[in-house]
There are 4 protein chains.
Amino acid sequence: MSGEIIRTGRAVLHVTDFEKAKDFYVESLGFIETESTETEMYLRGLEEHNHHSLLLKKKKEAAIEAISYKVYTDSDLDALHEQCLVEGLEPIWIEKGAQQAIGRTLRVQDVSGLPVEYYAEMDGVERLLQRYDLYKGARVQRIDHFNCMVRDVEKAYAFYTEKLGFACSEYTATEEERVWAAWLHRKPSVHDVAFMNGKGPRLHHVGFWLSDPLALIHACDVLAAKGYSPSIERGPGRHGLSNAFFLYVRDPDGHRIELYNGDYLTSDPDFKPIRWGINDPMRGTFWGHEAPDSWFNEASIVLDVKTQKPVEVNTPVLKQGKPQFVI
Amino acid sequence: MSGEIIRTGRAVLHVTDFEKAKDFYVESLGFIETESTETEMYLRGLEEHNHHSLLLKKKKEAAIEAISYKVYTDSDLDALHEQCLVEGLEPIWIEKGAQQAIGRTLRVQDVSGLPVEYYAEMDGVERLLQRYDLYKGARVQRIDHFNCMVRDVEKAYAFYTEKLGFACSEYTATEEERVWAAWLHRKPSVHDVAFMNGKGPRLHHVGFWLSDPLALIHACDVLAAKGYSPSIERGPGRHGLSNAFFLYVRDPDGHRIELYNGDYLTSDPDFKPIRWGINDPMRGTFWGHEAPDSWFNEASIVLDVKTQKPVEVNTPVLKQGKPQFVI
Amino acid sequence: MSGEIIRTGRAVLHVTDFEKAKDFYVESLGFIETESTETEMYLRGLEEHNHHSLLLKKKKEAAIEAISYKVYTDSDLDALHEQCLVEGLEPIWIEKGAQQAIGRTLRVQDVSGLPVEYYAEMDGVERLLQRYDLYKGARVQRIDHFNCMVRDVEKAYAFYTEKLGFACSEYTATEEERVWAAWLHRKPSVHDVAFMNGKGPRLHHVGFWLSDPLALIHACDVLAAKGYSPSIERGPGRHGLSNAFFLYVRDPDGHRIELYNGDYLTSDPDFKPIRWGINDPMRGTFWGHEAPDSWFNEASIVLDVKTQKPVEVNTPVLKQGKPQFVI
Amino acid sequence: MSGEIIRTGRAVLHVTDFEKAKDFYVESLGFIETESTETEMYLRGLEEHNHHSLLLKKKKEAAIEAISYKVYTDSDLDALHEQCLVEGLEPIWIEKGAQQAIGRTLRVQDVSGLPVEYYAEMDGVERLLQRYDLYKGARVQRIDHFNCMVRDVEKAYAFYTEKLGFACSEYTATEEERVWAAWLHRKPSVHDVAFMNGKGPRLHHVGFWLSDPLALIHACDVLAAKGYSPSIERGPGRHGLSNAFFLYVRDPDGHRIELYNGDYLTSDPDFKPIRWGINDPMRGTFWGHEAPDSWFNEASIVLDVKTQKPVEVNTPVLKQGKPQFVI
């Protein structure tokens, strides 16, 4: 296989109000603001040595412009470009210099219609991991993963594992043993991307890694103190699937962010993917709490990489849109 | 004032299955089992130097036999006995020797109909605070408080503050400035007892103190691992009122236990009670989460101190049985 | 007994550089700065509802002006004044208005020569406990205790327990069963004041309470990030005596501050003081670490309440100035 | 490059007393005991899905038999065998079946004289990550790294990075810019192996990953409660180098174990190795604490893979055996 992906790299989000966004992401969640212009805000976590992992663009409509993966070398981009063409996808190049702080990128509507971007190069910045005096809010350490709602999880699963070299750590199966959701990784964590059955293509959330569970509790306290309690959608809780300690919050435009801590190493080829029945009450939250309807129904619209128009959303292949269980 | 109460002392609970109770309280929550017979189980927290703070009795019906306060001296019991008579209450004595490990106790149906017990003396036992090798589950440290549903909170409030020397740390007011709930203390914490408007008299929960927030998270994980996820009723979360980090669990008989950590010192006479509007969404859970209906509707039946029969429950004085808010 | 003391109230410290002091106490340890002038800085913890618990005065020489206890009522001050006279001590009054934000105070060189102050009244301020967005550094919650080096611990012990109503929670005994150190409390925690055998009278440290162990770890990280690693003198560790999780830091003038968390409730008259042999290696640090010599030898000079001159220091009654043990 | 190493795999330690070893590793540190015979004890961490990561063999003398790396496939073993021969090393095969629960292994005295073992296959076992009811002590999650004292760090560095595909995350340089120590990784963490200048070849410690900082504090408390305070050699503290929160303990035979939490992701080829000057006081412990002499001087003897006799130890190339700094 060519076109080696390293890891989840950055998300490019359209938001409508920079003042609100800054208060939420920087002041409350504790992202580092690398730099900002009137229309672009570049954010990163405390351990990140690259320029940004979250790029906010000020636009009239909230949407997802791109979810990006970092690859090893520039030639991996060429290999991925070739692969896209072979697979009948229609990639485009954005040349170096057209975007701030990042080398040339390859963008393509992937097999599920998601706006995926690949890049090999991003400017280095000072890593602030040991600037503990700058820690605040959730003390976000680094980007971890994307979670996407797609019409056909099995199709996405096949493409990412067979063509892009992802491995599966855990998955959710329906009673008919159809794959309802799958957690796939390149870096040896539970996931770089998860696909979940639902109206799609949409981005469900971007996950960021925290250093410890108490940082997540403190994040709740800070969010509430700053008036964001209505933005706390789900958690804190322990996921059965992934074992992560989690919190889901909604940014002022409704984009969902997961604060995430506590999964495990998935480096081994003999690690057997863990199966969860869709109606296992401990799957979503190990402690048995049900997720709210909004968590299953709401997600961010994604854009067409060529037209920058919203991509049409379609009903999923599997009918069950949400686990059902009685505690 | 005579009849000096020190603090919340012990709860006497009737449970129906000792095997289940032991698995829940000892194996899962981490209570220390001081001793047990076929019909009585004596439990305590890790820092407790007295014989027990939770007495379980095996009975056919789950109920609350007594909620007990420790007083300074035996003569305080006499003073309380006298006071009961003056107030028209009908106290009874249980002489020393009639109950295991405790001196003579005074029992009385209090002004709300709750089965209250006072005692001055309890056997000492080895304190296990530094036996960290015995820590498990929630690592319960000590008993902290009772929370009671009563018909008339203002009546209970008046009696406990004016006759029994309790001070108010925080309270909940209706829009008409009636006291809907009140947190009252003798020891300088947020409460030894709280009264909440509702069908009563019933015991809503017994609160136990944990050493740190992560012990509470670990308690959730252990409970879930042992199959008790359906027993996790509410939380973990941060209370607005009291600032405590909390978890509510239901024992196998439905008695509610609060694991509790993080309130503050209330020693000062110039501390002004904190008022919360009943419909403030941050009152119950600072992070904005709504409590489930069961938390407002369900509570444990209490017994008559003389007949050991259930005390009749009546509708509350204030109509609003539950806060209402839209997040 | 009259002259009821509630708790440790405030410390009045002389420091030589306000810029350094502010960076240390406010920016690094996270004290709230209630107000400041050119010569006085008033600091408090996050849960404190009184104006300050730490008053820094800018002076040419670092010293301790007063260690203060809060009493219930103004008439308790009169009773304490009378008691001082009876005991042959020479108290002075500082009238209300002479000091900022505090009522009249009674100051006296106590039985050990320590500059003790009593007060009943201090201005109220907004409690910031739930302003989690303001939390930083050690997230100091409240003042907890004083630790004093005195010539004659048994004399101080007798006076504080017999005349001032303190109770002993734990103590250190020499091989000859002399009291080498004692932890005494009014509020039901391990201590409001401890006396330790050594050259005295001197103030060894002021202890502040933290909400949880990770706040203490974070304090170390923040202190180090801001260049204060040489100020971290001892810890983090677990005290055997008191069971507290602790850190000792030295402020820019050498005054010692303890960050402290995790002791236990000492409300009960039947709680038996815990004895530790002076050479028990788990007494100081439960994990067996030895304290550095500076911790045993260095302490802050105290002032005469009348002359504001340094009080002469004398050698202790017991020869052993420091525990000796071989791990 | 062929012979792809995944990660640190297991350590094979000789210990002299199984009763003591079990009490230390299983009862106190919380390792899971997969299985044991009279002469072999197989231990693993809570998240590990392979049979063991720590193999203790009962022998007359304490020593290190092997430090093992897991490779992707059996053919990687052949490639490594070929490479060893090319480099003039003398590898030996241990065929499948000769060792319990593991496939064939390749053993070789590496370029520093360390007894290295490679394997591709190990039996799978039930992963106990979500059996929170089994968590105790340090709650060890998984093996993380080896730290080795070698005569010539630069030689080891060159071999591991040029021949074995390791990347450097951080390193320590002398004033003459010689590499005094280096942290090298295959999995994207700070290290799978570190080499430190000193009398060698010896194994300095085996590092195990913990889920959170409080598990490490609890480990100290449990070790002390069980009488192991003399076994706590260094920490808890924050490493400057690696940013990890650490504790070093010595097992009953003196083998050093590091409990480790909180490093960062090192997946990126553009991550620039971080340089630390050897005398930087924040290098070892970010908080400025000096390590005890034993930490620099004592390490475990390693065995010859062919003769099973101790490998001779020689003085290091660089004279400075220990950082020197004045706080």
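This is a predicted model, so every value here is computed, not measured. (Residues numbered from 1 in each chain as written. Chains lettered and ligands numbered in written order. Predicted model: local features only at pLDDT ≥ 70, side-chain atom pairs only at ≥ 80, totals over all residues. Heavy atoms only, no water.)

Concerning the packing of aromatic side chains
Logical step 1: For the structure on display, the rule yields 72 aromatic pairs over all chains.
Logical step 2: An aromatic cluster is present here, built from Tyr69, Tyr118, Phe146, Phe159, Tyr160, Phe166 and Phe195 of chain A joined pairwise through their rings.
Logical step 3: If you follow arginine 104 of chain B out to its NZ or CZ, it ends over the ring of tryptophan 93 of chain B, 4.0 Å from the centre. (Phe/Tyr/Trp six-rings, centres within 6.5 Å; stacked < 30°, edge-to-face > 60°. Lys NZ or Arg CZ within 6 Å of the ring centre and 35° of its normal.)

Focus on the relation of the copies chain D and chain C
Logical step 1: Placing chain D over chain C gives an RMSD of 0.0 Å and needs a rotation angle of 180°, together with 0.0 Å of translation along the axis. On the angle and the small slide along the axis, the relation comes out as a two-fold axis.
Logical step 2: Comparing interface residues between copies, 100% of those in chain D also lie at the interface in chain C; the contact surface is shared. (Least-squares fit on C-alpha atoms with pLDDT ≥ 70 in both. Contact = heavy atoms within 4.5 Å.)

Considering the pattern of salt bridges
Logical step 1: Enumeration according to the criterion identifies 104 salt bridges over all chains in this entry.
Logical step 2: Salt-bridge contacts for lysine 163 of chain B lead to glutamate 87 of chain B; the nearest nitrogen and oxygen are separated by 3.1 Å. A residue pair is termed long-range when its members are at least 10 positions apart, and lysine 163 of chain B in the loop between α3 (153-162) and β10 (167-173) and glutamate 87 of chain B in the loop between α2 (74-86) and β6 (92-94) qualify at 76 residues.
Logical step 3: Note on lysine 163 of chain B: relative accessible area 31%, which makes it partly exposed.
Logical step 4: Note that lysine 187 of chain D and aspartate 144 of chain D form a salt bridge whose closest N and O atoms lie 3.9 Å from each other. Within this pair, whereas lysine 187 of chain D is found in the loop between β11 (179-185) and β12 (193-197), its partner aspartate 144 of chain D is found in strand β9 (residues 140-150), the two being separated by 43 residues in sequence. (Salt bridge = Lys/Arg side-chain N within 4 Å of Asp/Glu carboxyl O. Helix = DSSP H or I, 4+ residues; strand = E, 2+ residues; numbered from the N terminus. Buried < 20%, exposed > 50% of the residue type's maximum accessible area, 1.4 Å probe, protein only.)

Details of the relation of the copies chain D and chain A
Logical step 1: It takes a turn of 180° to lay chain D on chain A, together with a shift of 0.0 Å along the axis; the resulting RMSD is 0.0 Å.
Logical step 2: Residue by residue, 100% of the interface of chain D is reproduced at the interface of chain A, so both copies engage with the same surface.

What to know about the sheet that holds strand β4 (residues 54-58) of chain A
Note: strands within a sheet are paired through backbone hydrogen bonds, in either parallel or antiparallel orientation.
Residue and element names in this part refer to chain A.
Logical step 1: Taken in spatial order, the eight strands line up as β2-β3-β4-β1-β5-β8-β7-β6 in an open sheet, and their pairing is mixed. What marks the edges here is a single partner per strand, and that holds for β2 (32-36) and β6 (92-94). Adjacent strand axes in the sheet meet at a mean angle of 25°, parallel and antiparallel pairs treated alike.
Logical step 2: Here strand β1 (residues 5-15) runs beside β4; their pairing, made up of five bridges, is parallel. Across the sheet, valine 15 pairs through a bridge with lysine 58, a residue of β4.
Logical step 3: Packed onto the sheet, helix α1 (residues 18-28) meets β1, β2, β3 (40-44) and β4 and runs at close to 160° relative to β4. (Pairing = 2+ DSSP bridges. Axes fitted to C-alpha atoms, helices over the stretch in contact; angles between N-to-C directions.)

Concerning the interface of chain D and chain C
Logical step 1: Opposite the 20 residues of chain D that make contact, chain C presents 20 residues.
Logical step 2: Linking chain D to chain C there are two salt bridges.
Logical step 3: With its nearest N and O atoms 2.6 Å apart, the salt bridge here joins aspartate 221 of chain D to arginine 238 of chain C.
Logical step 4: At the surface where chain D touches chain C, the tally comes to six residue pairs in polar contact (both at pLDDT 80 or more).
Logical step 5: Listing elements by their share of the side of chain D that touches chain C, those giving two or more residues are α4 (213-225) and β14 (232-238) of chain D.
Logical step 6: Per element, the largest residue contribution to the side of chain D that touches chain C is seven residues, and it comes from α4 of chain D.
Logical step 7: Residue classes in the side of chain D that touches chain C are distributed as 14 nonpolar, four polar and two charged. (Polar contact = N/O pair within 3.5 Å; in protein donor to acceptor, adjacent residues only side chain to side chain. Nonpolar A, V, L, I, M, F, W, Y, C, P; charged D, E, K, R; others polar.)

Re the UniProt feature "domain: VOC" (unreviewed entry) in chain A
Logical step 1: Sequence positions flagged by UniProt for "domain: VOC" (unreviewed entry) are, in local numbering, residues 7-121 and 142-262 of chain A.
Logical step 2: Spanning residues 7-121 of chain A, this segment combines 21% helix with 40% strand, and its end C-alpha atoms are found 13 Å apart. (UniProt positions renumbered as here; feature names shortened; annotations may be inferred.)

Examining the pairing of strand β10 (residues 167-173) of chain D
The side chains of a regular strand alternate between the sheet's two faces.
Residues and elements named next belong to chain D.
Logical step 1: Most of β10 is tucked away: six of the seven residues are buried.
Logical step 2: When β10 meets β11, the two strands line up antiparallel, connected through six bridges. If you follow alanine 173 over to β11, its bridge partner there is valine 179.
Logical step 3: Following β10, the chain reverses through five residues before pairing antiparallel with β11; glutamate 177 in that reversal takes a positive phi of roughly 60°.
Logical step 4: The sheet contact formed by β10 and strand β17 (residues 274-277) spans four bridges and is parallel. When the sheet's bridge partners are listed, glutamate 170 is paired in β17 with isoleucine 274.

Thoughts on unusual backbone geometry
Logical step 1: With an omega dihedral of 10°, the bond running from glycine 235 of chain A to proline 236 of chain A counts as a cis peptide bond.
Logical step 2: Inspection of the secondary structure puts proline 236 of chain A in strand β14 (residues 232-238).
Logical step 3: Non-glycine residue glutamine 308 of chain B carries a positive phi angle of around 60°.
Logical step 4: Relative to the helices and strands, glutamine 308 of chain B is located in the segment after β18 (300-301).
Logical step 5: Glutamine 308 of chain B sits in the partly exposed class, given a relative accessible area of 31%.
Logical step 6: Phi at asparagine 243 of chain D is positive, roughly 65°, even though this residue is not glycine.
Logical step 7: The residue asparagine 243 of chain D is located in the loop between β14 and β15 (245-250) in this model.
Logical step 8: Overall, asparagine 243 of chain D belongs to the buried group, its relative accessible area being 3%.

A short note on the pairing of strand β8 (residues 115-119) of chain D
Residues and elements named next belong to chain D.
Logical step 1: Counting buried positions along β8 yields five of five residues, so the element is predominantly enclosed.
Logical step 2: Where burial is concerned, the two faces of β8 agree: the one with Pro115, Glu117 and Tyr119 and the one with Val116 and Tyr118 are both buried.
Logical step 3: In this sheet, β8 lies alongside strand β5 (residues 63-71) in parallel orientation, the contact comprising four bridges. Along β8, the bridge assignment pairs tyrosine 69 with tyrosine 118.
Logical step 4: Where strand β7 (residues 105-109) meets β8, five bridges bridge the pair, whose relative direction is antiparallel. The residue of β8 that forms the bridge with valine 108 is valine 116.
Logical step 5: Between β7 and β8, which pair antiparallel one after the other, the connecting turn spans five residues, and glycine 113 there sits at a positive phi close to 95°.

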